Amino acid sequence: MAEAQGLPAPPPVGETALKSGTFDGIAVLITGAGTGLGKAIAAEFARLGASIVVASRKEEHLEAGRAAIEALGAPVLTAICDIRDADQIARAFDEAEAEFGLPGVLINNAAANFPVPAEDMSPNAWRTVVDITLNGTFYCSREFARRHMAARTPGSIVNIGASYAWTGGPGFAHSAAAKAGVKNLTETLAVEWGPHGIQVNALVPGLFPHEDMTADIRSSLDRTHDKDGVQPALRVGQRQELGWAATFLASPYARFISGHTLVVDGANWQRRSLTNPQVVTVRDQMGKGPFDPGASR
Ligand code: HXC
Ligand code: NAP
């Protein structure tokens, strides 16, 4: 492929596509903003003037999120919150309102995922991932919309999805099904809440490796050594590219975009043909050995 150079690299971290001050005076609540993509998205909002609310479970993640935003000189609040619990979400919004006023933007970024063959997945493993990824997204959206409808103020929600919402995700049945639900929910809520001034969109990242990836996800990815070469773009995503897309969707320049799912993956999910590589079972891909009905219920 000597003549193929792939999609060009993006501008470096620190550049902004929108006008400086686009989010002045606006608070943005981002779930899971202490790690990985959530942290990168938060940084792009902070660069454009937003106050940031980092909401997640673990103190060390909250502190990492706080440090990243403080380093940019933007106001930041951390709120301990498990998005499976509607009361904890309401408390996080109360804290955010007390500090900055009602957040004008909600980024539903937090999610749960680990690779496991479907036949080995316990009911509680399924429940946990669906509860965080799909139910948590709904509970946070509901809290945000109810507060805006009561205050008669507009708002913007961006849900973070995944492309296996369309294709299915062998080895990730729970997460793929939950993300399909998130995509569908985006479309329903956009229609229900549009009349109340609330936009609802989704953003689907392609492959964006980062240092905070859980050991489970990393070990799954590490089975592919050349992660750039398997992408049509001949490169993986850079986190600022996702942050720019999120800030655009929540900006005044995208007010008429709602119910849309924007895929930022260099066309990777369309890479399919009638002669794909040899079929390898999920068990074999994961080095699991034969199914043992006694090993899990
Ligand atoms: C099989 C597993 C498992 C694994 C957990 N479980 N890990 N089963 N394989 N690797 C099972 C447990 O045995 C238990 O079921 C159930 O799941 C709940 O586990 P807990 O540890 O009790 O849950 P909890 O403490 O709530 O933690 C949630 C978690 C954890 C999802 C398990 O990994 C987490 O907190 N993740 C948050 C971050 C995350 O997942 N990030 C990934 C997003 S990346 P039993 O039956 O034993 O009780 C993403 C990328 C998509 O989505 C695309 C990537 C390429
Ligand atoms: P990550 O670093 O593992 O982040 C997940 C975040 O979710 C963590 O900050 C975690 O914080 C938070 N979280 C998990 N469970 C929670 C709960 N119950 N309540 C509140 N917060 C919770 O993952 P990532 O790679 O940045 O992924 C971010 C988003 O992008 C996810 O929606 C993911 O599905 C999507 N995505 C990522 C990729 C990729 O290549 N990275 C590809 C496709 C889609 P705490 O542990 O502190 O709670």
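Attention here is on the structure that accompanies the text. (Residues numbered from 1 in each chain as written. Chains lettered and ligands numbered in written order. Predicted model: local features only at pLDDT ≥ 70, side-chain atom pairs only at ≥ 80, totals over all residues. Heavy atoms only, no water.)

### Structural notes on the overall build of the chain
No. 1: If you tally the helices and strands in the chain, you get nine helices and seven strands.
No. 2: For the chain, whose C-alpha radius of gyration is 19 Å, the value lies close to the compact-globule estimate of 19 Å for 297 residues.
No. 3: Taken over the C-alpha atoms alone, the chain extends approximately 55 × 50 × 35 Å along its principal axes.
No. 4: Here the chain holds 297 residues, and the buried ones make up 47% of them.
No. 5: Partitioning the intrachain contacts of the chain with sequence separation of at least 6 by distance along the chain shows that 75% fall at a separation of at least 24.
No. 6: Approximately 14,600 Å² of the chain is accessible, and the part contributed by carbon and sulfur atoms is 54%.
No. 7: Once the 26 positive and 31 negative side-chain charges of the chain are each reduced to a mean point, those two points are 3 Å apart. (Helix = DSSP H or I, 4+ residues; strand = E, 2+ residues; numbered from the N terminus. Rg over C-alpha atoms; globule rule 2.2 N^0.38 Å. Buried < 20%, exposed > 50% of the residue type's maximum accessible area, 1.4 Å probe, protein only. Contact = heavy atoms within 4.5 Å. Areas by Shrake-Rupley, 256 points an atom, 1.4 Å probe, with all protein chains shown as cover. Lys, Arg positive; Asp, Glu negative; His and termini not counted. Charge placed at Lys NZ, Arg CZ, Asp CG, Glu CD.)

### Observations concerning the side chain of Lys 227
No. 1: Residue position: Lys 227 is located in the loop between helix H7 (215-221) and helix H8 (239-249).
No. 2: Within the structure, the side chain of Lys 227 is placed 2.9 Å from the backbone oxygen of Thr 224, a separation counted as a polar contact.
No. 3: Not counting residues up to four positions away in its chain, the partners in contact with Lys 227 are Leu 207, Leu 221, Asp 222 and Val 236. (Polar contact = N/O pair within 3.5 Å; in protein donor to acceptor, adjacent residues only side chain to side chain.)

### Considering the site of ligand 1
No. 1: Around ligand 1 lies a shell of 14 residues, among which Arg 57, Asn 113, Ser 122, Asn 124 and Asp 216 are the nearest.
No. 2: Between an oxygen atom of ligand 1 and a main-chain N or O atom of Asn 113, the distance comes to 2.9 Å.
No. 3: Here Ser 122 contributes a side-chain N or O atom positioned 2.6 Å from an oxygen atom of ligand 1.
No. 4: Expressed as a share of its isolated accessible area of 1,100 Å², the protein-covered part of ligand 1 is 57%.
No. 5: The dominant element in the shell around ligand 1, judged by the number of residues it contributes, is helix H4 (residues 123-151), at three residues.
No. 6: Classifying every residue of the shell around ligand 1 by side-chain character gives six nonpolar, five polar and three charged. (Near = heavy atom within 4 Å. Nonpolar A, V, L, I, M, F, W, Y, C, P; charged D, E, K, R; others polar.)

### Quick look at the layout of surface pockets
Rolled over the atoms, a probe as big as a water molecule pinpoints where empty space is left.
No. 1: When its volume is computed, the second largest pocket comes out at roughly 190 Å³.
No. 2: Considering the residues around the second largest pocket, the lining is formed by Val 13, Gly 36, Lys 39, Ala 40, Ala 43, Glu 44, Arg 47, Ala 68, Leu 72, Gln 238, Arg 239 and Gln 240.
No. 3: For the lining of the second largest pocket, the secondary structure elements donating two or more residues are helix H1 (36-47) and H8.
No. 4: Considering every element that reaches the lining of the second largest pocket, the biggest residue donor is H1, with six residues.
No. 5: Looking at the lining of the second largest pocket, its residues break down into five nonpolar, three polar and four charged. (1 Å grid on protein atoms, 1.4 Å probe; cavity = no way out; pocket = protein on both sides within 12 Å on 5 of 7 lines; lining within 4 Å. Points joined across faces, edges and corners; volume = space filled by probe spheres on them.)

Geometric descriptors of this kind do not, in isolation, establish any biological role.
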